[in-house]
Amino acid sequence: MLDQLGQSFQVILSYITFTETFKLSFIQQYSNLVYKNAGVALKLQANSLPKNLERPQVLFLINLVRLSKGLVSLDLTTIQLNQEDALLLIDSLKNTQCHFDSLKLFTKHLLLYPFEQAFRICSIRRITLAQNSFESGNLKNIFKELNHWKTTSLCLEGNKIGDKGAEIISHGLCNSKIEFLNLSNNSIGDRGVELLSKCLPCSKVSHLEIQTNFAYRNKLISDKGAKAIAQVLPECPLESLVFKGNSVRSVASICSSLPLSKLSCLNLGDNKIGNQGAEDLAKVLPVCQLKYLDIGNNQIGSSGCIALGKAIKHSQLVSLKLYDNSALTEGAEAIAEGLAGSLVQSLDLASNSIGDSGIEHLSRTLSSSCLVSLNLKSNSITKQGISFLVTSLATSSLQALDLSCNFVEEGVQLVADQLSGTSLSCLKLTRNRISEEGGKALGEVLSFSRLSTLKLSNNKIGTVGAKAIAFSLPDSQLHKLEINANQIQDEGGRYFVEKIPSSKLKSLKLRDKTLTQETNQAISNLCSRNNIRLIT
């Protein structure tokens, strides 16, 4: 039956061995399903399922769930189920031999059909019910027995549950198995956070995420909500807290609880903590367990960064995100001094107006730091700043460097000259006014470098630069190349057509108005035949 139904089922199946992932594609032409049995992990990927499946295809899916011992991931968010098929699927979930890692459902399925019955029996580690709308009455019915579910991860992002929904969820959290809870973009305010906070000490929740993006900012968490969470931090199992995109101004209460808490990850990006908040955090960094701190876009100036710079050397931080603030040269100097001898491996200083002088300070301590990843995007860096940076690249441990949206221009030649002697595996140079000569310089050294990712979109490398990069592909380690909008012309496109088949590429982004439809189609066909993801 599986083979017959599989002939008309359009899907991508991935099966994983000990070391590799292979893909069996049935896109475009319906073909016989290659069915793998016990010991093989199967994934039905979200973007591979048609929106409107015919009933034989739905039945095939239901049988696959019931019979496959290796099915680990299932996304049903695009499938409309009638009552009969929904009940069959619920029965399959209750009787399946497999152990799900992930299940994604369209909320309407839960509102109409008793899927929660399956959740009590089937071992599903992660359940996602995102981007839909619940009514409070239905929400209560669905989650009234949450403490009996076997799942440990629940994502309800974008469901508009509000404070009332947060209250319903909180009642089910006590004594439940939920460890990861994502309630982002749900119009939850201070009241909802207060209700959740009360149940956290008797729960197993170690990761709580309530971030808010622009579209959902009708209700935000303020200092009152932050204080409610802070009060229970010492007595609850929280290790990761994400309050990104809210309206927190004071972190004094959080800082007072940090030394007594288990928090190792704190994300307060896109709030308004300012210099005072940065200084408060700096005081407790040496005496708390924080390893990951995101305070990007928080109106932090150079004085806040100076305080942080003095503290990070004595902290356990391995990742610090300070993007979209105003560190300026003085703040960059303090951060640079703090890096020497610290544990920080990842630093994000994008959009901080540090300029060439700030780069000079950072360059002096790169070799004595543990930095593996450095983001310097949008910092008005010119060729002069690059000249400082390249002096320490070869002796640093940097593997990922983002210089996008600066004014590197001819400075790319300096980068190219040092590239082969560095540990860099990822280099981002998008929007840097790089010319044909700069593109050529990079192309000539790619095969001698360790780069697996190169992003060069929105420059002007032209046909000359395109040829150099294309001809380096067979001997380079590049797996991901982004080279959009570079005026490479049809001639440059044909160079890629020639060299793509002998490359190691797994992902290619190559859109250019100067390419003809014929060349674009040739590139698309080659990527399809060589299992390369073409990003449009």
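Our subject is the structure that appears above.
Bear in mind the structure is a predicted one, so any value in this text is a computation, not a measurement.

Reading the values: the criteria
Residue numbers restart at each chain and count upward from 1, following the sequence in its written direction. For this predicted model, a pLDDT threshold of at least 70 governs which residues receive local features, and a threshold of 80 or more governs which side-chain atom pairs are given and counted, while totals over whole chains, interfaces and linings are taken from all residues. Side-chain numbers come from the whole structure's heavy atoms, not from hydrogens or water. In this text, helices come from DSSP runs of H or I with a minimum length of four residues, and strands from runs of E with a minimum of two, each type numbered from the N-terminal end. Only protein chains enter the calculation, and the probe is 1.4 Å; a residue is then buried if its accessible area is under 20% of its type maximum, exposed if over 50%, and partly exposed in between. Pairs of residues are marked as contacts when any of their non-hydrogen atoms sit within 4.5 Å. Areas reported as accessible are Shrake-Rupley estimates using a 1.4 Å probe. Residue values count occlusion only from the protein chains shown. Whenever a carboxyl oxygen of Asp or Glu lies within 4 Å of a side-chain nitrogen of Lys or Arg, that contact is scored as a salt bridge. Two cysteine sulfurs form a disulfide in these notes if their separation is within 2.5 Å. Residues grouped as a nonpolar core are buried Ala, Val, Leu, Ile, Met, Phe, Trp, Tyr and Cys residues, joined through side-chain atoms within 4.5 Å.

What follows deals with the overall build of the protein chain. Scanning the protein chain from N- to C-terminus turns up 20 helices and 21 strands. Relative to its full complement of 536 residues, the protein chain shows a buried share of 54%. A sequence separation of at least 24 residues applies to 83% of the contacts in the protein chain between residues at least 6 apart. When the accessible surface of the protein chain is split by element, carbon and sulfur atoms take 46% of a total near 23000 Å².

With that settled, the discussion passes to the pattern of salt bridges. Taken as a whole, this structure holds nine salt bridges when the rule is applied. One salt bridge in this structure joins Arg364 and Glu360, with 3.0 Å as the shortest N-O distance. Of the two residues, Arg364 and Glu360 are both situated in helix α14 (residues 355-366); the distance of four residues between them amounts to about one turn of the helix. For Glu360, a relative accessible area of 25% corresponds to the partly exposed category. Ionic pairing is found between Lys480 and Glu482, a salt bridge with its closest N-O pair at 3.9 Å. Taking the relative accessible area as the measure of exposure, Lys480 reaches 28% and is therefore partly exposed. Residue Glu482 is classed as buried on the basis of its relative accessible area, which comes to 10%. Overlapping salt bridges, with partners in common, bring together Arg191, Glu194 and Lys224 in one network.

A separate point is the state of the cysteines. A covalent bond between the sulfur atoms of two cysteines is referred to as a disulfide. Per the counting criterion, the structure on display carries one disulfide. Residue pairing for Cys174: its cysteine sulfur links by disulfide to Cys202, the two sulfurs lying 2.1 Å apart. Here Cys174, found in the loop between α7 (162-173) and β8 (180-182), pairs with Cys202, found in the loop between α8 (190-199) and β9 (207-209); they are 28 residues apart in sequence, far enough to count as distant.

Inspection of the secondary structure puts Ser392 in helix α15 (residues 383-393). Leave out the neighbours within four places in its chain, and Ser392 touches Ser363, Leu366 and Ser367.

Another aspect to go through is unusual backbone geometry. Across residues other than glycine, the phi torsion is negative in most instances, and most of the peptide bonds are trans. A positive phi is found at Ser353, a non-glycine position, where the angle reads about 55 degrees. Structurally, Ser353 is set in the loop between β14 (346-348) and α14. Despite not being glycine, Ala485 has its phi angle at roughly 50 degrees, a positive value. Locating Ala485 in the fold gives a position in the loop between β19 (480-482) and α19 (489-499). In this structure Ala485 comes out as partly exposed when scored by relative accessible area, which is 33%.

Counting 136 residues, the largest nonpolar core has Phe143, Leu154, Leu376, Leu401, Leu481 and Phe496 as the members making the most contacts within it. The contacts of Leu481, once residues within four sequence positions are left out, are Leu454, Ile469, Leu473, Phe496, Leu505, Ser507, Leu508 and Lys509.

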